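# Remarks on the overall topology
Here is what each chain is made of, one letter per residue.
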Amino acid sequence: MSEPKVVLYRAPLGYGKSVQVACEAGTRDLGAGGTVYINTRSYPGSCDITDTLFAALVLYQIKGRESWNSIESDIDIIESLRDTLFSSKMTIKICLDGIGETKHSADLIEDLICETPNNVKFYIAPSSAGALARLSMMANVVTYGADELAFTEEEVCELSGVHSPNAKNIIKVTGGWPALVGLMCHTSNPNLPAAAWPETRSYFRNNLLTALPNNTRTFICKAAMLEEISAECYDYVYKTEEADREISFLNENYALLSPTGSSDECMVMHPVLREYLRSLFNATQRERRSYVLKRVAFWHWRRGEYLHSINAALEASDHRWARVVNDSIILDVALRQGEIEVLRTWFEKVPVRTIKKIASLSIGYAWILYFSQQARQAEEILASSVDPSSRGLGNLDEEGWRELVNAIGKATQDELLESQTLCQKWIDSFGERNMVGKGAALTCQAFIASSDRRFEDLERLLHKAAVANQSSNQHYAFIWLKTSELQAELFKGDIARAMSVLLQANKTAAKMEVPKTFLSKMFGSLELQILHEKNHHLVTHESAQASFNFALNYGVTDILWGCTHTYSSFLFHQGFRDRAIALLEQTRLAACERDLPRLNILTKIQLAEFTLLNNEELGPPILPDDCELTFLPNQNQAIRARIALLNSMYRLRLGKQFGVAEKYAKQALQSASAISDARTKVAAQYCQALAAFALGSSKLAKRTILDANLLSEHLSCHFTRLWIRKALLSLSPIAHDLFDEIPDNSEAIATKDLEIKTEDSSAPLIPGDANSTITIKQISLLKCVSNGMTNKEIAERLLVTEDTVKWHMKKIFSELKVTNRIQAVTEARLRGLL
């Protein structure tokens with residue numbers, strides 16, 4: 001695509017528009033015919049720059065003093081400029097900062113843009129956002145606004161010298177507003193909210209607000225109190241008729257408002273500016289604050305925008321409207337939109353007696369408590385909703401809301417078998433007349449299938465639940481349904497597939513406009529597990545701690561355990577062993593307080609593993625008895641696999657029970673294979689290989705290690721391989737002899753992946769065709785072929801015979817429907833196998 005003729009910078013103050021123009025002027029291109037730079041902001045009276053003066057400034061910078069010899073009048077200056085630009089064969093850059101105050105110069109610039117060839121380029125930062133408005137309608141004009149001029153992580157790193165994780169935090173705090181980024185790099189209070197920094201307050205007060213007319217300044221301070229800024233809402237709340245005019249004036253001259261994305265009529269302002277202006281309103285009009293917020297709440301309530309209504313009422317500290325709330329509001333916000341954290345805060349301010357008098361409040365609050373891991377309180381509140389005097393109970397019972405909350409609440413308490421039964425009973429009774437509830441019940445069943453590793457049932461339920469959720473615009477169930485799918489891939493150990501599902505889920509959520517608050521935290525807890533396994537270098541203490549805190553407050557057993565296992569392993573691997581054990585104890589305490597026996601057992605097994613690796617006790621690890629495994633069948637199988645693996649590791653440490661160690665490793669391998677748990681399978685293969693090596697079967701050991709490495713590389717289970725290798729090296733001196741003969745490259749793979757930004761990947765990361773029958777070993781063989789290796793070299797690499805290689809190649813040719821090695825590699829790449 002050819003470069004634009006005009007680049008136009010339109011953004012609020014502090015977005016570096018002048019810097020962009022100056023930098024462009026300072027960039028000297030080879031073969032350029034000249035560069036013009038005019039900054040009218042530096043002139044004492046920029047409005048006095050006439051078209052003649054403007055033409056003279058441009059002409060002088062292009063041709064120098066000799067251009068004046070033949071010029072006799074003002075008209076000659078302008079005509080000479082036109083001729084010079086039109087006849088130029090080389091690139092000329094005209095960089096203009098602050099243009100737009102005077103009509104004549106603006107008209108001349110527009111004429112020059114239209115009359116000159118494409119090798120004359122213009123880079124313009126107008127004096128105001130609305131200046132040179134006609135340029136935006138011209139062809140070959142590109143406009144850069146606040147979104148394009150906001151700093152990226154790379155630019156923050158370059159500016160401040162910080163590392164990427166810190167840069168990401170700076171972007172999060174400042175929204176990338178360049179002026180705020182600069183202030184954060186120099187403020188002595190970076191941990192405070194950005195709107196509270198003295199530097200920010202001074203900047204907004206002295207630079208931004210002083211540029212506004214008095215009535216506009218008053219308007220924008222009031223507008224900041226709205227949930228979303230629209231002329232209708234502002235005029236209703238403040239009883240005026242001026243909003244439409246003021247919004248247009250702000251957009252045209254200062255670009256301080258932008259459309260929400262869902263509607264061109266609803267506007268938002270930068271969150272830091274909004275927070276500052278709200279504090280200004282609170283300080284100057286404290287007595288009106290509650291009244292204004294209540295009118296905002298009522299405006300959104302009338303329009304059915306319940307979440308906005310609750311947010312405004314929450315800020316106003318007003319719970320009284322709950323007495324007249326419509327039944328659908330709380331249930332919609334809680335069950336369909338899933339705003340658990342917002343409603344949890346709001347409900348804490350509502351008197352319990354008010355909640356118990358209104359059935360929708362009782363049921364909604366019970367839902368919030370279940371998903372906040374407060375099951376006992378949820379059961380008490382839900383029981384109170386049965387009171388016949390509770391308002392609206394009959395209508396709610398006709399649609400089965402109370403039964404639905406109870407059924408799904410059992411799943412949050414890890415009572416999955418009972419929840420499965422109750423959900424099916426609810427679907428049979430109410431599913432046809434309550435589509436929102438049906439989506440939630442099917443999603444709950446999908447999560448249970450995922451937790452029990454019933455992957456075929458999960459595929460069927462994912463489809464049925466997705467249909468119900470889409471038809472009812474079920475945001476909360478969508479998040480949990482994708483969580484079920486992601487959790488299944490993590491259970492399988494298919495990290496590459498999990499990352500692909502996560503990327504696609506985020507794109508779908510953006511299209512559906514799913515609220516980001518809960519979505520980002522839930523997906524963040526899953527992304528932590530994916531990144532840690534794929535490349536633990538990408539995980540930071542801050543991100544791991546944030547995900548753990550979220551999971552501790554809002555995660556069911558599988559979510560909380562996934563974060564706990566990941567974060568504790570991360571800490572232990574980095575040498576923070578006491579912190580890792582303390583984290584496990586924190587989760588174990590939560591398991592006991594919430595009566596979650598499976599979480600308790602999983603934590604005990606991990607504690608036993610850390611104790612073993614710490615060489616703290618010589619006795620056998622204290623592990624659960626088989627009679628304690630009273631969970632779903634495949635959940636029990638997963639726990640048995642971990643117990644057998646730990647028993648194998650213990651025997652390897654003893655250094656004299658290698659036969660027993662091999663037996664336990666095979667048990668772990670068998671259990672892991674039965675539930676498709678690749679990560680436990682890799683660890684079990686390593687233990688089996690070390691035991692076989694100690695018993696004298698060197699060739700078997702190497703082949704087993706090779707199979708484990710191929711599997712882990714295929715599924716991107718890099719940390720599991722690194723972890724078990726490091727563990728065995730610490731447990732048994734024999735491991736050094738085995739691993740010296742088989743070098744490990746998992747760290748090299750992780751280091752190489754560190755250079756790749758996972759979130760920027762748009763290509764599917766699925767390492768193969770789901771319908772393909774090609775095995776992992778055959779994919780490894782194809783990789784060798786793609787590297788130009790001969791059959792003999794491949795046989796030596798994979799520890800097999802040349803005849804075996806030939807046999808596999810025939811199978812590959814048949815599956816891919818090709819006739820030679822080049823075609824096989826090409827087809828495999830097209831299918832995503834390589």
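Residues numbered from 1 in each chain as written. Predicted model: local features only at pLDDT ≥ 70, side-chain atom pairs only at ≥ 80, totals over all residues. Heavy atoms only, no water.

## Focus: the overall build of the chain
- On a plain count of helices and strands, the chain comes out with 43 helices and 7 strands.
- In the chain, which comprises 834 residues, the proportion classed as buried is 54%.
- When the accessible surface of the chain is split by element, carbon and sulfur atoms take 51% of a total near 37500 Å². (Helix = DSSP H or I, 4+ residues; strand = E, 2+ residues; numbered from the N terminus. Buried < 20%, exposed > 50% of the residue type's maximum accessible area, 1.4 Å probe, protein only. Areas by Shrake-Rupley, 256 points an atom, 1.4 Å probe, with all protein chains shown as cover.)

## Some points on the sheet that holds strand β4 (residues 120-126)
- With parallel pairing, 5 strands are arranged side by side in an open sheet as β2-β3-β4-β1-β5. Whereas interior strands pair on both sides, the edge strands pair on one side only; in this sheet they are β2 (34-39) and β5 (141-144). Strand after strand, the sheet turns through a mean of 10° between neighbouring axes, direction not considered.
- Packed on one face of the sheet, helix α2 (residues 51-63) meets β2 and β3 (92-99) and runs near 145° to β2. (Pairing = 2+ DSSP bridges. Axes fitted to C-alpha atoms, helices over the stretch in contact; angles between N-to-C directions. Contact = heavy atoms within 4.5 Å.)

## With respect to helix α20 (residues 375-384)
- Taken as a whole, α20 has its buried residues at A375, A378, I381, L382 and S384.
- Buried residues belonging to α20 abut α18 (352-357), α19 (359-370) and α22 (401-412).

## Description of the side chain of S648
- Summarising the element assignment, S648 is placed in helix α33 (residues 633-654).
- Residue contacts for S648: discarding those within four places in its chain leaves A661, Y664, A665 and C687.

## Quick word on the nonpolar core
- One finds W367, M649 and L728 to be the most contacted residues of the largest nonpolar core, which totals 221 residues.
- If we skip the residues at most four places from it in the chain, L728 touches L652, Y686, C687, L690, A735 and F739.
- In this structure, I38, L112, F122 and L135 belong to the second largest nonpolar core, which totals 30 residues. (Core = buried A, V, L, I, M, F, W, Y, C linked by side-chain atoms within 4.5 Å.)

## Regarding a negative patch on the surface
- On the surface, E793, E796, E802 and D803 cluster together to form a negatively charged patch.
- Only α41 (791-798) and α42 (802-816) provide two or more residues apiece to the negative patch.
- Assignment of secondary structure puts E796 in helix α41.
- Exposure remark for E796: the relative accessible area of 53% places this residue in the exposed category. (Patch = residues over 30% accessible without salt bridge, like charges linked within 9 Å, V, L, I, M, F, W, Y side chains within 5 Å. Salt bridge = Lys/Arg side-chain N within 4 Å of Asp/Glu carboxyl O. Lys, Arg positive; Asp, Glu negative; His and termini not counted. Charge placed at Lys NZ, Arg CZ, Asp CG, Glu CD.)

## Details of the packing of helix α32 (residues 597-613) against helix α37 (residues 718-731)
- It is the contact of α32 with α37, at a shortest axis distance of 10 Å, that shows an interaxial angle of 45°. As far as their axial angle goes, α37 and α32 are oblique. Contact residues: E609, F610, L612 and L613 in α32; W723, A727, S730 and L731 in α37.
- Per-class residue counts for the contact of α32 with α37 are 6 nonpolar, 1 polar and 1 charged. (Parallel < 35°, antiparallel > 145°, perpendicular 65-115°, else oblique. Nonpolar A, V, L, I, M, F, W, Y, C, P; charged D, E, K, R; others polar.)

## Looking at the pattern of salt bridges
- One pass over the full model with this rule turns up 23 salt bridges.
- Where K93 meets E24, a salt bridge forms, and the shortest distance between an N and an O atom there is 3.1 Å. One end of the pair, K93, is in strand β3; the other, E24, is in helix α1 (residues 17-26), and 69 residues separate them in sequence.
- Assessed through its relative accessible area of 2%, K93 is described here as buried.
- Note that E713 and K783 form a salt bridge whose closest N and O atoms lie 3.9 Å from each other.

## Some details on the packing of aromatic side chains
- In total, this model carries 28 aromatic pairs according to the counting rule given.
- Each ring, one from Y9 and one from Y144, has its centre 5.8 Å from the other, and the planes form 45°; the classification is tilted. In this pair, Y9 is assigned in strand β1 (residues 6-9) and Y144 in strand β5, connecting sequence segments 135 residues apart.
- Take Y144: its relative accessible area is 31%, and that puts it in the partly exposed class.
- Here F548 and Y567 contribute two aromatic rings whose centre-to-centre distance is 6.4 Å and whose plane-to-plane angle is 55°, an arrangement assigned as tilted. One end of the pair, F548, is in helix α29 (residues 541-554); the other, Y567, is in helix α30 (residues 557-573), with 19 residues separating them in the sequence. (Phe/Tyr/Trp six-rings, centres within 6.5 Å; stacked < 30°, edge-to-face > 60°.)

## Notes on helix α3 (residues 74-87)
- Look at α3: 20 Å from first C-alpha to last across 14 residues, which is about the 20 Å you get at 1.5 Å a residue.
- Inspection of α3 places I77, I78, S80, L81, R82, T84 and L85 among the buried residues, and these make up the whole buried set. (Expected span 1.5 Å × (residues − 1).)

## Section: the side chain of N614
- Counting through the fold element by element, N614 comes out in the loop between α32 and α33.
- For N614, the residues in contact, after removing those within four places along its chain, are F572, R577 and I581.

## Notes on the packing of helix α26 (residues 475-492) against helix α27 (residues 495-512)
- As a packed pair, α26 and α27 sit with axes 8 Å apart at the nearest point and diverge in direction by 170°. It follows that α26 is roughly antiparallel to α27 by the angle criterion. Here H475, F478, K482, E485, L486, E489 and L490 of α26 come into contact with α27, specifically with I495, R497, A498, V501, L502, A505, T508, A509 and M512.
- Among the residues making up the contact of α26 with α27, the classes are represented as 10 nonpolar, 2 polar and 4 charged.

## Some details on the environment of G409
- Assignment of secondary structure puts G409 in helix α22.
- Between the alpha carbons of G409 and F371 there is a distance of 7.7 Å; along the sequence they are 38 residues apart.

## Quick notes on the confidence of the model for the chain
- Per-chain confidence: the chain averages 85 in pLDDT, with 89% of residues scoring 70 or above.
- Taking the mean pLDDT of every element in the chain, the minimum, 45, falls on helix α39 (residues 746-753) and the maximum, 97, on α30.
- Low pLDDT (under 50) marks residues 746-770, which in the prediction has 50 contacts with non-local residues, meaning those over four places away or in another chain. (pLDDT = per-residue confidence, 0-100.)

## Examining unusual backbone geometry
- Even without glycine at this site, Q373 takes up a positive phi of about 60°.
- One can find Q373 in the loop between α19 and α20.
- Here the phi dihedral of N473 falls at roughly 55°; this positive angle occurs in a residue that is not glycine.
- Residue class for N473 comes out partly exposed when judged on its relative accessible area of 35%.

## As for the pairing of β3
- Within β3, 8 of the 8 residues are buried, leaving the element largely enclosed by the surrounding structure.
- In this structure, β2 lies alongside β3, joined through 6 bridges in parallel fashion. The residue of β3 that forms the bridge with G34 is I92.
- Here β3 runs beside β4; their pairing, made up of 7 bridges, is parallel. Pairing of I92 across the sheet is with V120, part of β4.

## Quick notes on the environment of V156
- Turning to its location among the elements, V156 is positioned in helix α6 (residues 153-160).
- Separated by 25 residues in sequence, V156 and V181 have C-alpha atoms that sit 7.5 Å apart.

## A word on the environment of A131
- Examined against the element boundaries, A131 turns out to sit in the loop between β4 and β5.
- Overall, the relative accessible area of 7% leaves A131 in the buried class.
- Sequence spacing of A131 and A106 is 25 residues, and the spatial spacing of their C-alpha atoms is 8.6 Å.
- What A131 contacts, discounting residues up to four positions off in sequence, is R10, I99, G100, P126 and E252.

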